[in-house]
Number of protein chains: 2
Amino acid sequence: MFDQLATPCLVLDEARMMRNINRLRTRSEALGVDLRPHLKTCKSVEVARRVLHEGGAATVSTLKEVEEFAAAGVDDVVYAVGIAPDKLEAVAELRRSGCDVKVLLDSLEQAEAVVAAGVPALIEIDSDRHRGGVRADDPMLIDIGQTLDKNGLLRGVLTHAGESYSVSGREQHAAFAEMERSEAVAAANALRAAGLSCEVVSVGSTPTAHAATDLTGVTELRAGVYVFFDLVMAGIGVCSVDDIALSVLTTVIGHQKERGWILCDAGWMAMSRDRGTANQTVDQGYGIVCDASGNPFNDLIVAAANQEHGTIAVRAGSGASLPDLPVGTKIRILPNHACATAAQHESYNVISEGEDKVQNWPRFRGW
Amino acid sequence: MFDQLATPCLVLDEARMMRNINRLRTRSEALGVDLRPHLKTCKSVEVARRVLHEGGAATVSTLKEVEEFAAAGVDDVVYAVGIAPDKLEAVAELRRSGCDVKVLLDSLEQAEAVVAAGVPALIEIDSDRHRGGVRADDPMLIDIGQTLDKNGLLRGVLTHAGESYSVSGREQHAAFAEMERSEAVAAANALRAAGLSCEVVSVGSTPTAHAATDLTGVTELRAGVYVFFDLVMAGIGVCSVDDIALSVLTTVIGHQKERGWILCDAGWMAMSRDRGTANQTVDQGYGIVCDASGNPFNDLIVAAANQEHGTIAVRAGSGASLPDLPVGTKIRILPNHACATAAQHESYNVISEGEDKVQNWPRFRGW
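Owing to the predicted nature of the structure, the values given are computational and were not obtained by experimental measurement.

Participant: Looking at this structure, I do not really get the environment of A:P323. What am I missing?
Facilitator: Residues and elements named next belong to chain A. Along the chain, P323 turns up in the loop between β14 (310-314) and β15 (330-334). Along the backbone, P323 and R25 are 298 residues apart, and their C-alpha atoms lie at a distance of 39 Å. Leaving out residues up to four positions away in the same chain, P323 has contacts with I262, F297 and L300.

Here is the structure:
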């Protein structure tokens, strides 16, 4: 099936991806909120078509993503990284061309720039002390809200509990989901109490989206990496290894038998330098090694990586034995972090159930 | 100067780059060996034109690099990653088009594939137990050599002491340089003693190339990252921070004053996930923060990174104060690892002494 592919390259299992997509779609419907998928993971129009509900609402992380997805017909986008004032001219131009882009901000300086450009915005709320955002009880929230609202540009509030990635299990993720919900709803209520409009209350991350039990007051849910999943998400219990839809196809290029090493042509250039499982209960190195059909070998990981070399070894202490994989054997590696690994490649080689032919879906990059 | 650039993006200081290029060129001349620069760092025809001596000898890490540089007129290339047999057809085709590509191998299986394809090869020698290669006293060396030589395809031996990156200071790097030299020369002598030809004895890494004092028996020296240098190389004493020619231009997008954070739009997508300084004496986070002219602020680093966010903070324990950098300020970040950071971008924005205009040099990627 993979004979025509030059390694290393991405393989995307469409059936697994659709299962992941449907899982969160069903959840968000049951929770009674809209889903606004984050397209920073896939950066692919073909994937976006399968993720988005009726062509609609998307989240992105770069101006390039706004441009590419707008050109593909996506007309409702939240650009969810604090806006740099000198990007507003480009955003306003994209709005004039018909895409309803909203930006994100957490300062008065940004609010004034946004007003000057006439671009609607969401206020970033800090629910977990992770990164940007204002707290619901910060008087600055109202100042920013007033500046936007008097110009008709206040769309709502948005929060993301990035810290939820650092804890494991449904109970802890549900606690972060409630932290997102309560802080975002409190901020929305504070704005409304000040006489301002706050239509959108947007929350989410892949762990919290899959654990939330009550989203009262929330209008929309965001998540990104769930479309592919990865070893970091499996390591904190959000998915199983069998849910991971993305892998890197690689070729065995050598052996160091004394040291128990198999060398392959997927180094960090193909896998990314992401070592997100390094501090988890099980360190997966640079990824879990599978056969060409995607079945993991016992305790076999990419233990080390150079630019174009992966060093495969049995997990230390596991007692597993090294499989016999001659030079030229094709294998697949499940990545730590799908967003980072996918970003190293120019396209997805898509395998689908009951289909022998591998499709190629381009992805884009840059800013 | 940078007003027209959308952030994040790469900035390349041409004067620093030329100083780095000339430094190793002078060294290799004094050592009496040819220099075969590794182009995996730059992946740029414009940079290659400045690095290569009279258009000549280059080292690369992917077939894509062979193709791109051959198309630009580079006609003597060592593809220095253990060859996957199914890539030999493409290599043979590139040879027929006029580029003298040599491949690398360390097994009989590969030697037989190489003979079938009629492609000349170097045998990889393991001088530091770091990755691939055979030892000089391994009987396999002669078996491989005979297979290649009887078909006129044995060009020589090649070694790379990747472990030299893990030690600091000229004395230790010189010890690794001698390890490279002695093992490679021993392998060449073992082949010659068996009646086989061994014209090329190729050694090198950036740390060893800058520390070697005697390369008797060696014919060529390889190095790659020295063209740009980076914080990992500065951390082990191969260069100073002022030698680093590559940086990422970024814009301040927010503040968390209570926590002492400045947020910028260079996250790990712009810097790469490389944390090569994490285990060095001074951990530089995701990079050292400089003003737009390239002057480092005191003890200011990118302490954490998300996909499109960098979190800038004062180095813990330094007592330095956070500079006042309003939203919209342009700053530059020196990277941990130039190969990894450059790979995240599509072009270099090149600044040159006495020149107000920023040039744009494309880079390529993929395999």
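Participant: Mind showing me how you'd approach the interface of chain B and chain A here?
Facilitator: Interface size is commonly expressed as the accessible area that is lost once the parts come together. Taken together, the contact between chain B and chain A spans 54 residues of the former and 55 residues of the latter. Together, the buried faces of chain B and chain A total about 4,800 Å²; carbon and sulfur atoms form 49% of this surface. Interface area lost by chain B to chain A is led by B:R131, B:R365 and B:W367, which between them contribute 19%. Seen at the junction of chain B and chain A, the total is 12 salt bridges. If you look at where chain B meets chain A, you find 35 residue pairs in polar contact (both at pLDDT 80 or more).

Participant: What should I look at first to understand the domain arrangement of chain A in this one?
Facilitator: Residue and element names in this part refer to chain A. Domain annotation of chain A identifies domain 1 (32-227) and domain 2 (245-362). For domain 1 and domain 2, the distance between their C-alpha centres works out to 34 Å. A combined buried area of about 660 Å² lies between domain 1 and domain 2, and 66% of that area is made up of carbon and sulfur atoms. Applying the counting criterion to the domain 1 and domain 2 interface returns zero salt bridges.

Participant: Explain the sheet that holds strand β5 (residues 100-105) of chain A here, please?
Facilitator: Two pairing modes exist for strands in a sheet, parallel and antiparallel, and in both the strands are linked by backbone hydrogen bonds. Residue and element names in this part refer to chain A. Ordered by their spatial adjacency, eight strands build an open sheet running β2-β9-β8-β7-β6-β5-β4-β3, and the pairing between neighbours is parallel. Every interior strand has two partners, whereas the edge strands, β2 (34-35) and β3 (58-60), have only one. One ladder, built from three bridges, connects strand β7 (residues 154-159) with strand β8 (residues 200-203); its direction is parallel. Each residue of the ladder has a partner; that of L158, found in β8, is S202. Relative to β5, helix α5 (residues 108-117) is tilted by about 155°, and along the sheet it contacts β4 (76-82), β5 and β6 (121-125).

Participant: I tried to follow the sheet that holds strand β7 (residues 154-159) of chain B on my own but got confused; where do I start?
Facilitator: Residues and elements named next belong to chain B. The strand order across the open sheet formed by eight strands is β2-β9-β8-β7-β6-β5-β4-β3, and the pairing between neighbours is parallel. Looking at strand neighbours, the two that pair on one side only are β2 (34-35) and β3 (58-60), the edges of this open sheet. Bridging between strand β8 (residues 200-203) and strand β9 (residues 220-221) involves two bridges; their strand directions are parallel. In the sheet register, S202 faces β9, and the bridge partner there is E220. Lying on the sheet, helix α5 (residues 108-117) is in contact with β4 (76-82), β5 (100-105) and β6 (121-125); it crosses β5 at an angle near 155°.

Participant: What exactly am I supposed to notice about the pattern of salt bridges here?
Facilitator: Working definition: two side chains of opposite charge can pair if their charged atoms are close together. Going through the model one piece at a time under the given rule, you end up with 44 salt bridges over all chains. Residue B:K87 is joined to A:D265 by a salt bridge in which the shortest nitrogen-to-oxygen separation is 2.7 Å. On the criterion of chain membership, the pair formed by B:K87 in the loop between β4 and α4 (88-96) and A:D265 in the loop between β11 (261-264) and α10 (268-271) is interchain, its members lying in two chains. In this structure, B:K87 and A:D265 share a single accessibility class: buried. With its nearest N and O atoms 2.8 Å apart, the salt bridge here joins B:R181 to B:E178. Placement of the pair is B:R181 and B:E178 together in helix α7 (residues 170-193), with a separation of three residues, close to one helical turn. For B:E178, a relative accessible area of 34% gives the class partly exposed. Among the charged side chains, a salt-bridge network with shared partners connects A:R36, A:D76, A:R95, A:D100, A:K102 and A:E220.

Conventions adopted
- Residues numbered from 1 in each chain as written.
- Chains lettered and ligands numbered in written order.
- Predicted model: local features only at pLDDT ≥ 70, side-chain atom pairs only at ≥ 80, totals over all residues.
- Heavy atoms only, no water.
- Helix = DSSP H or I, 4+ residues; strand = E, 2+ residues; numbered from the N terminus.
- Contact = heavy atoms within 4.5 Å.
- Buried area = accessible area lost by both parts, 1.4 Å probe.
- Salt bridge = Lys/Arg side-chain N within 4 Å of Asp/Glu carboxyl O.
- Polar contact = N/O pair within 3.5 Å; in protein donor to acceptor, adjacent residues only side chain to side chain.
- Domains from an automatic or database assignment.
- Pairing = 2+ DSSP bridges.
- Axes fitted to C-alpha atoms, helices over the stretch in contact; angles between N-to-C directions.
- Buried < 20%, exposed > 50% of the residue type's maximum accessible area, 1.4 Å probe, protein only.

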